Each structure stands twice: as structure tokens, then as C-alpha cells.
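Coordinate inspection notes
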Amino acid sequence: FLLQSSLRVDQGRGSSAKQFLNSFKFSGFIDSPVSPWEWVEDNLLPLLPVSIVSGSEGVFPVVWRMDATVDQAVASITAGTQGGVTRDSSVSYENSPLSVINEIRIDWAYSPVDSTYQRFTVLKGTPDPDASMEVANYYAKVSEARFGNRATTLQSAILYDEDTVLRVLNWKLRASGFLHRSVSYRVGKSWGWLGLGDVVSVTDSDLSLSERVGLVQSVTWESEETLLLGILLVEDPARDML
């Protein structure tokens, strides 16, 4: 769709996201003129854990792996090491309790004949055992215990695959069910190969962090020798209880 738009597209970086994104399957049709970018923005971006960002070669998708594990980290960041890693900020919250969502319903299997959705699926902490359309989720249960029940409903005219519905629900719950924190570190130029969305592990004894999973949220060059890495610390109650 982006290639059909007037936007310049970085196909190399786009290809690197394909392996993950191709696990999401969509169907449907377009029966009236529409801007390719507007269609992507309205239909695909709400369902995918991605951001579209602009680089020197054009726009490309950045995948945000909210379910990442430490064994998927491409680098280990340890504050205070001889490699010149120093923390540049205090830890701050990315969202507020009011933004937390821990019960998500998606209406799907759209029928254009009568303009209705034939199915729906709900991801929640404690589903009704007699409701086949409700699916239990550990993270939803933990989030509800912390913040109370906070529900929302989505609709999609391009969702017809049940596995994809569950993929969408799961990443959305992980992204919206908790208060995620961020922190930045000043590092040397040898870290310049890291890119947005890369999975890293963070160890910082002053913050009681030991191999905490993080996602590279920003890369800012301060000079030819140093840069700032903004790291989103991924909340994972199941792991953090160990």
C-alpha cells in the first residue's frame, strides 16, 4: 500500500519487518477511491504493533515487540561499565493510569451484505466459562487487579482470521495494560548500529534493573562520538515476579 502512495518508501528496512508482520493475515476489498496512506492509517496501523517513521531513504515500519524476551536482545546495556554507558535521565512513565486498557473486544468477520460483524472476541482477565467468545489472559488479570476493569471495543472490516484476531488482542493488551517506563543512556559511537524497535537488555544497579527487556525508542546523535539511546522498559509481571 505504501508503494502505491506518493510517499518515498525505504524498501530495505520494510523488508526486515516482513517476517514478523506476515504472521498477521487480513482480507477485504476497496470499492471506492482512497489515499493509500489514509487506508493504511485507518485500517492497518490500529491492528499492528508498528509505527511508520521517516528515514533518509524514505518511510518504513518499526515493529514494537511488547512480548520480547531477554534471549531476543541484540545488545546488552549496562550502566557504569568501561564501555562508557551512563544514564542520562531519570525513569519516567510513558502513560497514565487513565490510559490503561485491560479488557479488549474486537468485532470482526464483517459482512458487506448487511453491514454487520458476524463475530466478536473478547480478551479479559476472568472470562465467563460459558462464553466461547471470551478468552482468558494472564496479563489482563494482573492489570485489572492493579487498575480495575478498563474495557474498550474495536471494530475491523479486514479481520477474518481468528489467529490474527488473537495476535492483535494480545499485543494490544501488553501495550495498553500497564504503565510502561522509559529511560535514556549516553553511549559511544560504537552503539550507532542500533535502530528503533531493537530489543535490548538493560542492567542498572542504581535502578534495580538486571537484564530488563527494553526496546530502543529513540536514537539521537549528540556528536560524532556520542549518542543518546531512549529505552522503553517492557513491563512483564510474569517475569518480574521471579
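Presented here is an overview of the structure given in this document. (Residues numbered from 1 in each chain as written. Predicted model: local features only at pLDDT ≥ 70, side-chain atom pairs only at ≥ 80, totals over all residues. Heavy atoms only, no water.)

**A few points about a nonpolar patch on the surface**
- A contiguous nonpolar patch, built from Phe1, Ile30 and Val34 and spanning about 260 Å² of accessible area, is present on the exposed surface.
- Classification of Ile30 by relative accessible area gives partly exposed; the value is 40%. (Patch = residues over 30% accessible without salt bridge, like charges linked within 9 Å, V, L, I, M, F, W, Y side chains within 5 Å. Areas by Shrake-Rupley, 256 points an atom, 1.4 Å probe, with all protein chains shown as cover. Salt bridge = Lys/Arg side-chain N within 4 Å of Asp/Glu carboxyl O. Buried < 20%, exposed > 50% of the residue type's maximum accessible area, 1.4 Å probe, protein only.)

**Examining the pattern of salt bridges**
- Here the structure, examined in full by the defined rule, presents 13 salt bridges.
- Residue Arg146 is joined to Glu235 by a salt bridge in which the shortest nitrogen-to-oxygen separation is 3.0 Å. Here the residue Arg146 occupies a position in helix α3 (residues 138-147), and Glu235 occupies one in the loop between β13 (226-233) and α5 (237-240), the gap between them amounting to 89 residues.
- For Arg146, a relative accessible area of 45% gives the class partly exposed. (Helix = DSSP H or I, 4+ residues; strand = E, 2+ residues; numbered from the N terminus.)

**Considering the packing of aromatic side chains**
- Here the structure, examined in full by the defined rule, presents five aromatic pairs.
- Judged by centre distance (5.8 Å) and plane angle (65 degrees), the rings of Phe20 and Phe24 are edge-to-face.
- A relative accessible area of 8% places Phe24 in the buried class.
- Plain terms: the ring middles of Tyr138 and Tyr139 are 5.4 Å apart, the flat faces sit at 75 degrees to each other, and that makes the pair edge-to-face.
- When its relative accessible area of 16% is taken as the criterion, Tyr139 is described as buried.
- One aromatic cluster is present, formed by Tyr138, Tyr139 and Phe178 through successive ring pairs.
- Between Arg105 and the ring centre of Phe120, over which it is positioned, the NZ or CZ distance is 3.9 Å. (Phe/Tyr/Trp six-rings, centres within 6.5 Å; stacked < 30°, edge-to-face > 60°. Lys NZ or Arg CZ within 6 Å of the ring centre and 35° of its normal.)

**Here we look at the pairing of strand β2 (residues 58-63)**
- Within β2, six of the six residues are buried, leaving the element largely enclosed by the surrounding structure.
- Bridge analysis of strand β1 (residues 50-55) against β2 gives six bridges, and the strand direction is antiparallel. In the strand pairing of β2, Val53 is matched with Phe60.
- The turn linking β1 back onto β2 is made up of two residues. (Pairing = 2+ DSSP bridges.)

**What to know about the sheet that holds strand β9 (residues 151-155)**
- With respect to topology, four strands assemble into an open sheet ordered β8-β7-β6-β9, the strand pairing being mixed. Sheet topology places β8 (134-136) and β9 at the edges, where each strand pairs with a single neighbour. Within this sheet the neighbouring strands show an average axis-to-axis angle of 20 degrees, counted without direction.
- As paired strands, strand β6 (residues 103-111) and β9 are joined by five bridges and run parallel to one another. Bridge pairing links Ile106 to Leu154 in β9.
- On top of the sheet, helix α4 (residues 162-176) reaches β6, β7 (116-124), β8 and β9; it is set at about 150 degrees to β6, its chief contact. (Axes fitted to C-alpha atoms, helices over the stretch in contact; angles between N-to-C directions. Contact = heavy atoms within 4.5 Å.)

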